[in-house]
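Here's the letter readout for the chains.
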Amino acid sequence: MATWRPDPSFYPSPRMAAKAPKETIAYVAAFDPDRQRPDAIAVVDVDPTSASYSQIVGQVDMPNVGDELHHFGWNACSSCLCPNAPHPHVERRYLVVPGLRSSRLHIIDTKPDPKNPRIIRVIDPAEIAEKANYSRLHTIHCGPEGIYVNALADRDGNAPGGIFLIDHDSFDVLGQWEMDRGPQKLAYDFWWHLGHDTMITSEWGTPETFENGLVPEVLLGSKYGRRLHFWDLNKRKHVQEIDLGEEHQLVFELRPAHDPTKAYGFVGCVISLKDLSASIWTWYRDGNQWAVKKVIEIPAEPADPDLLPPVLKGFKAVAPLVTDIDLSMDDRFLYVSCWGTGDMIQYDVSDPLAPKETGRVRIGGIVSRATHPKASNGALNGGPQMVEISRDGKRVYFTNSLYGAIDPQFYPDGIDGWMVKLDVGDNGGISFDENFFVNWPKGHRPHQVRLEGGDCSSDSYCYP
Amino acid sequence: MTDLWPWLSLAGLGAFHGINPAMGWLFAVALGLHRQSSRIVWLSLLPIAAGHAAAIAVVLAVFVAFGTVVDLRSLKLFAAALILGLAGYYAFYGHRHRVRVGMRTGMAGLALWSFLMATGHGAGLMLMPAVLGLCLADPSTTIPLGSSLPISVAAVALHTAATLAVTAAVAFAIVEWLGLGVLRTAWINFDLIWTLALVATGVILVVV
């Protein structure tokens, strides 16, 4: 139902969004790696003044098992204020929650009681296959034409993966987004520069190369994704492809600058075949073309093979495995999750082509098993993974599980879920909030975090 | 005095169209901010006004042409049906379609955007009661082409001038005075008001 005034969580510019009220609850996707019980969206109390701070205070279970809830998003966000696609009287109210394995899409209403959200619609995989020809749903973004959903495969589980659109009011599947796909085949993440009419997409692989875990032959053969694709956002047309090179595998998370006048952004590459390092690349405008530059390289750490999982034993080193990154609303700090070593690193990216490290914490990690002041067992497994930043940039939340089939390849003794929070210094620097540690209930592993009213990877803006 | 009312309503509708963010001032402001130039704000208003004027002119031309062969009553009912149909469409599917003109557009793209937005919203149809009233007093005959052409041109000119004046005034107020924060609070639901205005126009054409 349309409202009379714009949704109060919409902001014209990232500067204004940074002044939003503090979040009091977080929604966290949680999945059962054994696919025996339903996955869930958990509600975590993140209000430090609350008696239930740092506790799960609500949960909505999915109606089926085996969805593998992964990334999710809002039905509407600040892009509704854009001048060329204005529709600000829709509410940021519904979470759009896809199953990566099931290809099922759940619409969850958070409004009547934000701590007890409820499912109002489930879109069947067959409907998505019929209307959009896609499966393996991955990332959600609210944008100019409604809700954009990307999918890692076509309806039969093969390439190409791509993007389809959903109506943000009725949640009807509107169809495939691409008009001209060009050479793009693999899919992973997508986002855009609204001010530059450009969409960017990245690459993982087809379901047969990840649903049973990473395949060493595919990885060593450089057959996983390593390219960025640039698209005309309005004409829905592929315009440019950039290959990061044969050694770079798993080109994952895309974080464009929030300021819509800026034409640069960051992408994380999980692993280099040369030395197991991870890297961060900046894309930027170079004349009439897009260009990329590797701006951060995080080296692998030598380690005792006895402490390493089989997949890493022969290398005698822990790969950092940069599996997620996030950019603060003021485009100043980039947070980099090193799921292998257990580091969460903060970089000052005020100069996007010359980042400087400004903070680092370590928790979990394949070898280090670093603990948290509030953890009871003294040795945590898993590592920093899905990371989310509050709109004001003062608080950073993250969880420790990557993907059901890949978790045991790097953490063979299993992953016990946790979620932590960092406090950010005024001029950088990060430290654990010693009072915030969610010891995740057994049976589920936590993945992506979304914050009440929006966060640093949910909204895009049209005004500087 | 009765002769003045249609002209006043044309100007009033111009002000109404001008104040609607979706008709152009918001785009002008956004482009000015993007390119860090208040000059771009003012320059953008010209293609926006031109596109709006063209959209109005096309609708009026079509109706005046039909009016030379069809009696006024039939013409009014036809216009009313179109408008009420459009209002119904807006009520149910208003957000479904967008004009795919991006933030990097040039002045020609902006004019095209404005033309398509005004046409799609039925801006020209909204003027029909006033223009038909001006073109002909006797509803039992057809529109005389000779006298209606200059009237229609004057109607387009007055409406566009009013639209442009209000568009420029709002853009000026936002850029120089209010700031973008006003979008969060003062942007009332113009889609709803617009739909109601279309319904009102359709009803007027049927009953008057």
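Everything below is about the structure shown above.
The text that follows walks through the structure, step by step, so that each part is easy to find. Because the structure is a prediction, the values reported are computed rather than measured. (Residues numbered from 1 in each chain as written. Chains lettered and ligands numbered in written order. Predicted model: local features only at pLDDT ≥ 70, side-chain atom pairs only at ≥ 80, totals over all residues. Heavy atoms only, no water.)

**Details of the overall build of chain B**
Heads up, the condition is: Here a strand is any run of E in DSSP of at least two residues, a helix any run of H or I of at least four, and the numbering for each starts at the N terminus. As a reference, a globule follows 2.2 Å times the number of residues to the power 0.38, and the radius of gyration itself is taken over C-alpha atoms. Working definition: with a 1.4 Å probe on protein chains only, accessible area under 20% of the residue-type maximum means buried, over 50% means exposed, and in between means partly exposed. Residue exposure ignores everything except the shown protein chains as possible cover, and the areas themselves are Shrake-Rupley values with a 1.4 Å probe. The sign given to each residue is positive for Lys and Arg and negative for Asp and Glu; His and the chain ends receive no count. Where a charge lies is defined by one atom per residue type: Lys uses NZ, Arg uses CZ, Asp uses CG and Glu uses CD.
Tallying secondary structure elements over chain B gives nine helices and zero strands in all. For chain B, the sequential pattern of α-helices and β-strands runs α-α-α-α-α-α-α-α-α. Radius of gyration (C-alpha) of chain B: 17 Å, near the 17 Å computed for a compact globule of 208 residues. C-alpha atoms of chain B, sized along the principal axes, occupy 55 × 35 × 30 Å. By residue count, 49% of the 208 residues in chain B fall in the buried class. Working note: accessible area of chain B is about 9000 Å², and carbon and sulfur atoms make up 74% of it. Here chain B holds 9 positive side-chain charges and 5 negative ones, and the gap between their average locations is 21 Å.

**Section: the state of the cysteines**
Residues and elements named next belong to chain A. Let me state the cut-off plainly: A pair of cysteine sulfur atoms is labelled a disulfide when the two atoms are within 2.5 Å.
Enumeration over the complete set of coordinates arrives at two disulfides over all chains. A sulfur-sulfur distance of 2.3 Å marks the disulfide that ties Cys77 to Cys142. Across the disulfide from Cys77 to Cys142, rotation about the S-S bond amounts to roughly 125 degrees, and the bridge is consequently right-handed. Within this pair, whereas Cys77 is found in the loop between strand E4 (73–74) and strand E5 (94–98), its partner Cys142 is found in strand E8 (residues 134–143), the two being separated by 65 residues in sequence. Residue class for Cys77 comes out buried when judged on its relative accessible area of 0%. In this model Cys82 forms its disulfide with Cys462; the gap between the sulfur atoms is 1.9 Å. Between Cys82 and Cys462, the S-S torsion sits near 90 degrees, and that sign places the bridge as right-handed. With Cys82 in the loop between E4 and E5 and Cys462 in the segment after strand E30 (445–451), the pair connects residues that are 380 residues apart, well separated along the chain. For the residue pair Cys82 and Cys462, the accessibility class agrees, reading buried in each case.

**Here's the deal with the pairing of strand E22 (residues 322–327) of chain A**
Just so we agree on the cut-off: When DSSP locates at least two bridges between a pair of strands, those strands are taken to pair.
With respect to burial, E22(A) is a largely interior element, six of its six residues being buried. Here E22(A) hands over to strand E23 (residues 333–338) of chain A after five residues, with Asp331(A) in that stretch at a positive phi of 60 degrees.

**Quick notes on the interface of chain A and chain B**
Test applied: Any two residues having at least one pair of non-hydrogen atoms within 4.5 Å are treated as being in contact. Here's the idea: put two parts together, see how much 1.4 Å probe accessible area each one loses, and the total over both is what we call buried area. Whenever a carboxyl oxygen of Asp or Glu lies within 4 Å of a side-chain nitrogen of Lys or Arg, that contact is scored as a salt bridge. Each polar contact in these results corresponds to two N or O atoms within 3.5 Å; when the atoms are within protein, one needs to be able to donate a hydrogen and the other to accept it, and residues that are neighboring in sequence are counted only if both atoms are side-chain atoms.
Between chain A and chain B, the residue contacts involve 40 residues of the former and 27 residues of the latter. Buried surface at the junction of chain A and chain B, summed over both partners, amounts to about 2900 Å²; 60% is from carbon and sulfur atoms. Taken as a group, Trp4(A), Pro83(A) and Asn84(A) account for 20% of the area that chain A buries against chain B, more than any other trio of residues on that side. Between Arg100(B) and Glu145(A) there is a salt bridge, with the nearest N and O atoms lying 3.1 Å from each other. For the interface between chain A and chain B, the tally reads 14 residue pairs in polar contact (both at pLDDT 80 or more).

**Looking at the environment of Asp407(A)**
Residues and elements named next belong to chain A. With respect to the helices, strands and loops of the structure, Asp407 is situated in helix H5 (residues 407–410). On a C-alpha basis, the gap between Asp407 and Gly213 in space is 8.3 Å, while along the polypeptide they are 194 residues apart. Apart from the residues within four sequence positions on either side, Asp407 is in contact with Phe31, Trp339, Ser401, Leu402, Ile415 and Arg445.

**Considerations on the packing of aromatic side chains**
Residues and elements named next belong to chain A. The cut-off we apply is this: Here is the rule: rings of Phe, Tyr and Trp (six-membered ring for Trp) pair when centre to centre is within 6.5 Å. Planes less than 30 degrees apart are stacked, more than 60 are edge-to-face, and the remainder are tilted.
A full pass over the atoms with the stated rule returns 26 aromatic pairs over all chains. Centroid distance Trp204 to Phe210: 4.2 Å. Interplanar angle 15 degrees. Geometry classified as stacked. The two residues Trp204 and Phe210 agree in class, both being buried. Aromatic pair Tyr264 and Phe266: ring centres 5.9 Å apart, planes at 75 degrees, arrangement edge-to-face. Each member of the pair, Tyr264 together with Phe266, is buried.

**Examining helix H5 (residues 107–121) of chain B**
All names here are of chain B. The condition that has to hold: A helix is expected to span 1.5 Å multiplied by its residue count minus one. The directions considered for the arc run from the helix axis to the C-beta atoms.
The end-to-end C-alpha distance of H5 is 21 Å, a good match for the 21 Å that 15 residues give at a rise of 1.5 Å each. Taken residue by residue, H5 has Gly109, Leu110, Trp113, Ser114, Met117, Ala118 and His121 as its buried positions. Here the buried residues of H5 occupy an arc of 160 degrees about the axis, which is enough to place them on one side. Here the buried face of H5 lies against helix H2 (25–34), helix H3 (38–67), helix H4 (72–93) and helix H9 (190–207).

**Regarding the sheet that holds strand E1 (residues 25–31) of chain A**
All names here are of chain A. This is how the line gets drawn: Angles here are taken between N-to-C directions and fall from 0 to 180 degrees, while the axes themselves are lines fitted to C-alpha atoms, restricted in helices to the stretch in contact.
The strand order across the open sheet built from four strands is E3-E2-E1-E30, with neighbouring strands paired in antiparallel fashion. Lying at the two open borders of the sheet, with one neighbouring strand each, are strand E3 (56–61) and E30. Taking the axes of each pair of neighbouring strands and ignoring which way they run, one obtains an average angle of 25 degrees across the sheet. Here strand E2 (residues 40–45) pairs with E3 via five bridges, running antiparallel. In the sheet register, Ala40 faces E3, and the bridge partner there is Asp61.

Interpretation note: all reported values are geometric properties and have no functional meaning in isolation.
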